[in-house]
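Spelled out from the first residue to the last, the chains are:
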Amino acid sequence: IFCARDLSSSDIIDNMMKLVSTGVEFKIAPPESYSIIGSNNIDTAGDDLYTIDFNSVSKPGNKRKKRMLDISVSLIFFTLCPVIIWFIHEKLNFFRNLGYVLVGKRTWVGYGGNDNAGLPNLKSCVLSPELLFKEKKFSPSEIRKMNLDYSKNYRLETDFKILIRNFRKLGNQKNLNNV
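Below is a short write-up of the structure. Quick caveat, the model's predicted, so the values are computed rather than measured. (Residues numbered from 1 in each chain as written. Predicted model: local features only at pLDDT ≥ 70, side-chain atom pairs only at ≥ 80, totals over all residues. Heavy atoms only, no water.)

Notes on the environment of M146
What counts is decided by this rule: Secondary structure follows DSSP: runs of H or I at least 4 residues long count as helices, runs of E at least 2 residues long count as strands, and numbering of each begins at the N terminus. In what follows, residue pairs with any heavy atoms lying within 4.5 Å of each other are defined as contacts.
With respect to the helices and strands, M146 occurs in helix α5 (residues 140-152). Excluding anything up to four places from it in sequence, M146 contacts P129, E130, F133 and F138.

Right, here's the structure in full:
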């Protein structure tokens, strides 16, 4: 597999020409991509596309897990409300967020930023992946990259980490007007 980020096109073609007589199969991995381009047959054009299997947030099982997490966490927060409310920064917004998540209009963890085109649809969120890092400012392209990684490699553990590390921010006003 040739990595197009590390090798020039001419280097890849030169090496492919050397390998063609050996019967070795070769593929090209484009930079910033989760797919591999290549052919299994020397007589074909080489336009087969092999994608890496992702644990996408859009998979039905992951959607179900994410919704169950939202409901479970919301019910726990509701039950423990008299205690945890003292640790939340924006108390009134916390109650709004709690209600919106319970009825399915929002999710506790989702995409940050405004450029989510091409990503699987998620409800507007309270917290987002960039909150895993202590840095406060990320460029729109960095946020986009984090959202892409979140959507392609979804894990409940990531949502838990974001919720735990940002517990005080559960009253976040982000996207309240988009409900």
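Focus on the side chain of D159
To be explicit about the condition: Identification of polar contacts relies on pairs of N or O atoms within 3.5 Å, with a donor-acceptor requirement for protein atoms, meaning one able to donate a hydrogen and the other able to accept it, and with residues adjacent in sequence counted only if both atoms are side-chain atoms.
Structurally, D159 can be placed in helix α6 (residues 156-165). At 3.0 Å, the side chain of D159 and the side chain of K66 are in polar contact. When neighbours within four sequence positions are excluded, D159 is seen to be in contact with K66, L69, V109, Y150 and Y154.

Points about the packing of aromatic side chains
Heads up, the rule is: Any two rings among Phe, Tyr and Trp, with Trp reduced to its six-membered ring, count as a pair given centres within 6.5 Å; such a pair is stacked if its planes are under 30 degrees apart, edge-to-face if over 60, and tilted if neither. Burial classes: relative accessible area under 20% of the type maximum marks a residue as buried, over 50% as exposed, and values in between as partly exposed (1.4 Å probe, protein chains only).
If you walk through the whole model with that rule in mind, you get 7 aromatic pairs. Plain terms: the ring middles of F133 and F138 are 6.0 Å apart, the flat faces sit at 70 degrees to each other, and that makes the pair edge-to-face. In this structure F133 comes out as partly exposed when scored by relative accessible area, which is 46%. Its relative accessible area of 18% is what places F138 among the buried residues. Cluster of aromatic residues (ring-pair linked, three or more members): F77, F94, F95, W108 and F167.

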